[in-house]
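Inside the fold
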Amino acid sequence: MQESREEKLNYIMGKIRPFNDFPSKGVLFRDICPLMKDHKALCATIDLFEEYVKQTYPMVDFIVGLDARGFLFGPLLAQRLGVGFVLVRKKGKLPGPTESVSYTLEYGQAEVEVQADAVEKGQRVLLIDDLIATGGSLHAACELMKKCGAEVLGCLVLIELKGLKGVERQGSTPVFSLFQY
Ligand SMILES: O=P(O)(O)OC[C@H]1O[C@H](OP(=O)(O)OP(=O)(O)O)[C@H](O)[C@@H]1O
Ligand SMILES: Nc1ncnc2[nH]cnc12
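Read on for an overview of the structure. What you are looking at is a predicted structure, and each value in this text was computed from that prediction instead of being measured.

**Remarks on the nonpolar core**
Counting 32 residues, the largest nonpolar core has Val53, Leu156 and Leu158 as its most contacted members. Mapped onto this core, the elements with two or more residues apiece are helix H1 (5–13), helix H3 (39–56), helix H4 (70–81), strand E7 (124–132), strand E8 (151–160) and strand E9 (175–180). Ranked by the residues each element gives to this core, the list is headed by H3, at 8 residues. Apart from the residues lying within four places of it in its own chain, the contact partners of Leu156 are Phe49, Tyr52, Val53, Leu77, Leu126, Leu127, Ile128, Asp129 and Phe176. Core analysis: the next-biggest nonpolar cluster, separate from the first, contains 27 residues, Val101, Leu144, Met145 and Val157 among them.

Structure representation (structure tokens):
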């Protein structure tokens, strides 16, 4: 029998493991490795993203994933939707002409980069990552996509850390999350 949305959410939630003080003191790290390891949880996660995107954004051209954990879910979702996948990488990993934007993390400083020809002007994109904390990574990636001429429809994440107000940082760009902590 087909599982309900609630059953899928409950099952997936049981596969997200909290770790105190990682990677530095005071950070409660949400570990998705058990979810990735579990076929049923992984399928259910992509089912829920797929259902949302098909209902909300049937006109999306590309799924854009953030380095590194956006690469875990993005290509699986893109394949289900029948669209391509674009990589937003940390600086220095992509060959050829690139565009970049710098940003601040919950625990550090970084810069995101995309190949300059990754998207064409006016193409509609959805960004995906495992988690939104301060929202710096997604904000930088959205800015990067806009710099390349793409139309950012919205962002998808598995987990939103509500206390860090990352969604507010995205301004009018909608952020869909499966879990809020
Ligand atoms: O909302 P923010 O405060 O920007 O934080 C969220 C980002 O931090 C984590 O990635 P991280 O940069 O640690 O890299 P990783 O995916 O390579 O582990 C996470 O996967 C998000 O990409
Ligand atoms: N608390 C957290 N858990 C997992 N990944 C993160 N990335 C940024 N903050 C994080």
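**Remarks on the site of ligand 1**
Close contacts around ligand 1 come from 16 residues, with Lys90, Asp129, Asp130, Thr134 and Ser137 the closest. Take Lys90: an N or O atom from its side chain is 2.7 Å from an oxygen atom of ligand 1. Taken by itself ligand 1 offers 500 Å² of open surface, and the protein chains cover 86% of this. Only E7 and helix H5 (136–147) provide two or more residues apiece to the shell around ligand 1. For the shell around ligand 1, the leading source of residues is E7, giving 4 residues. Among the residues making up the shell around ligand 1, the classes are represented as 6 nonpolar, 4 polar and 6 charged.

**Some details on the environment of Gln109**
Mapped onto the elements of the fold, Gln109 is located in strand E6 (residues 108–115). Judged by its relative accessible area of 60%, Gln109 falls in the exposed class. Taking the C-alpha atoms as reference points, Gln109 and Gly166, 57 residues apart in sequence, are found 16 Å from one another. Contact partners of Gln109, with chain neighbours within four places excluded, come to Tyr103 and Thr104.

Rules behind the numbers
Residues numbered from 1 in each chain as written. Chains lettered and ligands numbered in written order. Predicted model: local features only at pLDDT ≥ 70, side-chain atom pairs only at ≥ 80, totals over all residues. Heavy atoms only, no water. Core = buried A, V, L, I, M, F, W, Y, C linked by side-chain atoms within 4.5 Å. Buried < 20%, exposed > 50% of the residue type's maximum accessible area, 1.4 Å probe, protein only. Helix = DSSP H or I, 4+ residues; strand = E, 2+ residues; numbered from the N terminus. Contact = heavy atoms within 4.5 Å. Near = heavy atom within 4 Å. Polar contact = N/O pair within 3.5 Å; in protein donor to acceptor, adjacent residues only side chain to side chain. Areas by Shrake-Rupley, 256 points an atom, 1.4 Å probe, with all protein chains shown as cover. Nonpolar A, V, L, I, M, F, W, Y, C, P; charged D, E, K, R; others polar.

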